[in-house]
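Structural overview
The residues making up each chain are set out below.
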Protein chains: 4
Amino acid sequence: MEKPYFISNKEDPSPLRVEVARRVRFEETDLLGIVWHGHYASYFEDARVALGEKYGIGYLDYYENNVTAPIKKMHVDYHRPLRLMERFTIEAIFHWSDALRINNEFIIRDSDNLIATTGYTVQVMLDHKNNLMLVPPPFVKAFREKWKSGELK
Amino acid sequence: MEKPYFISNKEDPSPLRVEVARRVRFEETDLLGIVWHGHYASYFEDARVALGEKYGIGYLDYYENNVTAPIKKMHVDYHRPLRLMERFTIEAIFHWSDALRINNEFIIRDSDNLIATTGYTVQVMLDHKNNLMLVPPPFVKAFREKWKSGELK
Amino acid sequence: MEKPYFISNKEDPSPLRVEVARRVRFEETDLLGIVWHGHYASYFEDARVALGEKYGIGYLDYYENNVTAPIKKMHVDYHRPLRLMERFTIEAIFHWSDALRINNEFIIRDSDNLIATTGYTVQVMLDHKNNLMLVPPPFVKAFREKWKSGELK
Amino acid sequence: MEKPYFISNKEDPSPLRVEVARRVRFEETDLLGIVWHGHYASYFEDARVALGEKYGIGYLDYYENNVTAPIKKMHVDYHRPLRLMERFTIEAIFHWSDALRINNEFIIRDSDNLIATTGYTVQVMLDHKNNLMLVPPPFVKAFREKWKSGELK
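Reference entry: report on the structure contained in this document. (Residues numbered from 1 in each chain as written. Chains lettered and ligands numbered in written order. Predicted model: local features only at pLDDT ≥ 70, side-chain atom pairs only at ≥ 80, totals over all residues.)

**Overview of the sheet that holds strand 5 (residues 115–123) of chain C**
- Here we have 10 strands laid out as an open sheet, ordered 1(B)-3(B)-4(B)-5(B)-2(B)-2(C)-5(C)-4(C)-3(C)-1(C), and antiparallel in their pairing. Lying at the two open borders of the sheet, with one neighbouring strand each, are strand 1 (16–23) of chain B together with strand 1 (16–23) of chain C. Recorded for the sheet is a direction-independent mean angle of 15° between the axes of neighbouring strands.
- With eight bridges connecting them, strand 1 of chain B and strand 3 (residues 87–95) of chain B associate as antiparallel partners. Paired with Ala21(B) across the strands is Thr89(B), a residue of strand 3 of chain B. (Pairing = 2+ DSSP bridges. Helix = DSSP H or I, 4+ residues; strand = E, 2+ residues; numbered from the N terminus. Axes fitted to C-alpha atoms, helices over the stretch in contact; angles between N-to-C directions.)

**Some thoughts on the interface of chain B and chain D**
- Every contact between the two is made by nine residues of chain B and, on the other side, nine residues of chain D.
- Broken down by element, the side of chain B that touches chain D gets its largest block of residues, three residues, from helix 1 (residues 40–54) of chain B.
- For the side of chain B that touches chain D, the per-class residue count stands at five nonpolar, one polar and three charged. (Contact = placed C-beta atoms within 7 Å. Nonpolar A, V, L, I, M, F, W, Y, C, P; charged D, E, K, R; others polar.)

**Here we look at helix 1 (residues 40–54) of chain D**
- Helix length check: helix 1 of chain D (15 residues) gives 21 Å between terminal C-alpha atoms against 21 Å at 1.5 Å per residue, within 8%.
- For helix 1 of chain D, every residue scored as buried is listed here: Tyr40(D), Ala41(D), Tyr43(D), Phe44(D), Glu45(D), Ala47(D), Arg48(D), Val49(D), Leu51(D) and Gly52(D). (Expected span 1.5 Å × (residues − 1). Buried ≥ 20, exposed ≤ 12 C-beta atoms within 10 Å, placed from the backbone.)

**A few points about the interface of chain D and chain A**
- Each partner contributes to the interface: chain D provides 16 residues, whereas chain A provides 16 residues.
- Elements that contribute at least two residues to the side of chain D that touches chain A include exactly helix 1 and strand 2 (71–78) of chain D.
- Per element, the largest residue contribution to the side of chain D that touches chain A is eight residues, and it comes from strand 2 of chain D.
- Grouping the amino acids of the side of chain D that touches chain A by side-chain chemistry returns seven nonpolar, five polar and four charged.

**Some details on the relation of the copies chain B and chain D**
- For the pair chain B and chain D, the best superposition has an RMSD of 0.0 Å and corresponds to a rotation of 180° with a translation of 0.0 Å parallel to the axis. These values place the two chain copies in the arrangement generated by a two-fold rotation axis. Considering only C-alpha atoms, the part of chain B nearest the rotation axis is Arg22(B), at 5.4 Å.
- Both copies share a contact surface, since 100% of the interface residues of chain B are interface residues in chain D too. (Least-squares fit on C-alpha atoms with pLDDT ≥ 70 in both.)

**A look at unusual backbone geometry**
Residue and element names in this part refer to chain B.
- Positioned with a positive phi, Asn-66 is a non-glycine residue whose angle comes to about 60°.
- Note that Asn-66 resides in the loop between helix 2 (59–64) and strand 2 (71–78).
- Despite not being glycine, Asn-113 has its phi angle at roughly 65°, a positive value.
- The residue Asn-113 is located in the loop between strand 4 (102–109) and strand 5 (115–123) in this model.

**Quick notes on the environment of Val49(C)**
- Here Val49(C) shows up in helix 1 (residues 40–54).
- For Val49(C), a count of 20 C-beta atoms within 10 Å puts it in the buried group.
- In the structure, Val49(C) is positioned 29 residues away from Val20(C) in sequence and 9.8 Å away in space, judged by C-alpha atoms.
- Setting aside residues no more than four positions away along its own chain, Val49(C) makes contact with Phe26(A) and Gly58(C).

**Focus: the environment of Arg101(A)**
- Here Arg101(A) is to be found in the loop between strand 3 (87–95) and strand 4 (102–109).
- In this structure Arg101(A) touches Val122(A), Gln123(A) and Val124(A), once residues within four positions along its chain are discounted.

**Observations concerning the pairing of strand 4 of chain B**
All names here are of chain B.
- Relative to strand 4, strand 3 runs antiparallel, the two sharing seven bridges. Within the sheet, the bridge partner assigned to His-95 lies in strand 4 and is Asn-103.
- Counting the residues in the hairpin turn of strand 3 and strand 4 gives six residues.
- Count of turn residues in the strand 4/strand 5 antiparallel hairpin: five residues, of which Asn-113 carries a positive phi of about 65°.

**Description of the sheet that holds strand 3 (residues 87–95) of chain D**
- Taken in spatial order, the 10 strands of this open sheet run 1(A)-3(A)-4(A)-5(A)-2(A)-2(D)-5(D)-4(D)-3(D)-1(D), and their pairing is antiparallel. Unpaired on one side and paired on the other, strand 1 (16–23) of chain A together with strand 1 (16–23) of chain D mark the two borders of the sheet. Strand-to-strand twist in this sheet, taken as the mean axis angle between neighbours without regard to direction, amounts to 15°.

Structure below.
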């Protein structure tokens, strides 16, 4: 990672973190016995889901509130390949943003605990008419206030 | 194929057929350079979609009519593997059934026109309350009448 | 399941069983919020892998012995759909066969422990020249003898 | 696209371009009827493969020459969603690089010919010992010379 994916200000609350474990599936590896690059979106997703559930801001929470949070950007840096049947971890790091964005950084560590992959996604929020939301819906507002207050970790 | 997947009666209208072409994607092959067995459901789907669109009984037609047609059975016989980048065809053969079922047979032929894979799926129809339909919705009834009359091919 | 997928003889050793847990991924569900039928091959695979590793007859064991075990048949019966984010279990049941075949039955149970999906796969073994093996390679022979002797469970 | 993904010098040969058509598969769309963000890696891949085959620098060419060209970076910007069954095109634009890198830009246009997705991938080349190559293998050298001479389009 040449430079940080997201730049934070001094007064921003600390990022929120969650880590999940997963294992390479047979069908995810290619002719060379390494994971095809396109599958990492699914790996990132696992940690994103865990993050959402840990803090009450998961897919189902959005869904119930008639809000969607589409991904607008995804970036992946492949440092070391993951191999057939390998066990690995995916860490999601949710960075604070004053704008209504979900800025997630991801770090995948291989079975030797070496960094295999890093990346990030940026999500925005759309209301039930698919309009970009600039003001957070109540359940997100509550979550952001708790985060800002230092209550979450 | 040891025996026919579907048995037809003498008075049944001829099966409907459609063929589509596809090519093996890099990410569909495994360590051995052959297509992972689980991807054939997607290959069958391509021909199923073509069949549905040719005869006005595709996903979108069902969707607009508040009917779903879930798959209740899938069977695949793997005769010869498909390989990296190989071009192949998928033929869907829609067999008549007096009961309200969608009985599709599939034949995949490899780049030498040899039979690589055969199989079938069985679908039923559910109404908007997810109840099994025994009487066809109007758009399906019209399709079945045309088929029965020998108008379709 | 209308009838047993595999028929056993009285003198056959008991089937071997293993169960794994998994959760529906967001990307595995379709427009209706249910798992697309083609993903169940991956679900079965998870239990197949667990079975292989528990008994020392997994992909890597075959690979190291220059033997492959391609899937020749797959059958799936869909009884109840799995839904967005649902947790479920996959049980693999390895049935004895006098012929050199890997006959696996699968039972998927949903979050209410109801049977959602059943099915089976049949695998054969090929040597390094892709010829069908009728005599088991040593590591499989050893495994089969232990199984036959009642040592495994 | 806020800024160009790749910056070219005046004396660089023009980028090489290829466009392929594809259609959204049923299983690629999610609960909202739009393509799940992770599938775009496969869409990009289709155009990458077409590019490789058009210019004799495809997967099989690398494979036969004991060279691999792993993806080191992937970036995707999602502008407009692709929808159920939608037809779209994927354009790959191969940008010259003095360093031995494969810098591909991608533009996906939806059925209204509007830009739906843009992105890029960066690939390097590894020899049969997985060492980074700084000097191109002969088949790549020949390709680069033709490109540099203005012979290719």
